[in-house]
Amino acid sequence: MSAPDPRPLTGEPVSLDLLNTRWMREGVRQDLLSGTEGLAVWLAANGLDGRFAADEATLGPLLRAREALERAVATPGDPAAAALVDEILEHGRIRATLTVEGPGERAEFADPAWGPAWTAARDYLGLLRTAPDRIRSCAHDACILRFFDTSRNGTRRWCSMAACGNRAKASRHYARSRES
């Protein structure tokens, strides 16, 4: 059983959840993927722990995928960033299958260590197909987290209203009260 997940934001789509393995705590950058223990936490959080090993062979490709996705999200439409994501996607494919429930598909990898990285990159493609404009960065200046805006009107600004949203409202209130 893996350790508890220390990250302030979890439950995002797997591609953005991979980006959220880095976060800020009291002005210091944290990194869940600094070792295989954190990898085990991340795999469990995304339901991948039964399929892929939490070892160095898996960690390396996952870190490459995180960098590729970070560039692609930060600079949409950048051909160099797209090429980095494509390099990750080269390590897997979808195989059509027929199951007792009907048509299906299964991911295949020449090297299973690339499975989590490929899964995150493929998820990013799904987000781009669904609503690329809903892939967002938290509006708080000190926050580096990403989220997929699922709000009805598409106006979510904060990774968490309880954390970053509250801090922003409190600082605005403090500034107003100081002016008075």
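See the structure shown above.
Please read these numbers as outputs of a predicted model, since none were measured by experiment. Position numbers for residues count from 1 along each chain, tracking the sequence in the order it is written. Where local features are concerned, this predicted model is filtered to residues with pLDDT of at least 70; where side-chain atom pairs are given and counted, the filter is 80 or more; whole-chain, interface and lining totals use all residues. Side-chain metrics in this entry use all non-hydrogen atoms of the structure; hydrogen atoms and water are not considered.

Enquirer: Is there a simple way to explain the pattern of salt bridges in this structure?
Expert: Charged atoms that come close allow side chains of opposite charge to pair. We define a salt bridge as a side-chain nitrogen of Lys or Arg found within 4 Å of a carboxyl oxygen belonging to Asp or Glu. Applying the stated criterion to the full structure yields 13 salt bridges. The residue Arg156 makes a salt bridge to Glu12 at a minimum N-O spacing of 3.8 Å. Of this pair, Arg156 sits in the loop between strand S6 (146-148) and helix H6 (161-179) while Glu12 sits in the segment before helix H1 (14-19), and the two are 144 residues apart along the sequence. Throughout, exposure labels follow a simple rule: accessible area from a 1.4 Å probe, protein chains only, divided by the maximum for the residue type, with under 20% read as buried, over 50% as exposed, and the rest as partly exposed. Since its relative accessible area comes to 25%, Arg156 is described here as partly exposed. Across the pair Arg93 and Glu108 runs a salt bridge whose closest N-O atoms are separated by 2.6 Å. Here Arg93, found in strand S3 (residues 92-99), pairs with Glu108, found in strand S4 (residues 102-109); they are 15 residues apart in sequence, far enough to count as distant. Among the residues examined, Arg93 registers a relative accessible area of 47% and is labelled partly exposed. By sharing partners, the salt bridges in this structure join Arg93, Arg95, Arg106 and Glu108 into a single network. Helix numbers and strand numbers start at the N terminus; a helix is a DSSP run of H or I with at least 4 residues, a strand a run of E with at least 2.

Enquirer: Just checking my understanding: could you explain the packing of helix H4 (residues 79-89) against helix H5 (residues 115-130) for this structure?
Expert: When two helices pack together, their arrangement is given by the angle between the helix axes and the distance between those axes. Relative to each other, H4 and H5 sit at 130°, their axes nearing to 8 Å. Taken together, the axis directions place H4 and H5 in an arrangement best described as oblique. For the crossing formed where H4 meets H5, the hand is left-handed. Here Val85, Ile88 and Leu89 of H4 come into contact with H5, specifically with Ala117, Trp118, Ala121, Arg122 and Leu125. Note on residue classes: Ala, Val, Leu, Ile, Met, Phe, Trp, Tyr, Cys and Pro are nonpolar, Asp, Glu, Lys and Arg are charged, and everything else, Gly too, is polar. In terms of residue class, the contact of H4 with H5 is built from 7 nonpolar, no polar and 1 charged. Axis lines are fitted through C-alpha atoms, for helices just across the contact stretch, and the angle between N-to-C directions can take any value from 0 to 180 degrees. Note that the term roughly parallel is reserved for angles under 35 degrees, roughly antiparallel for angles over 145, roughly perpendicular for angles of 65 to 115, and oblique for everything else. The handedness criterion is simple: a crossing whose near helix is rotated anticlockwise from the far helix by less than a right angle is left-handed, and one whose near helix is rotated clockwise is right-handed. Here, residues are in contact when the closest pair of their heavy atoms is within 4.5 Å.

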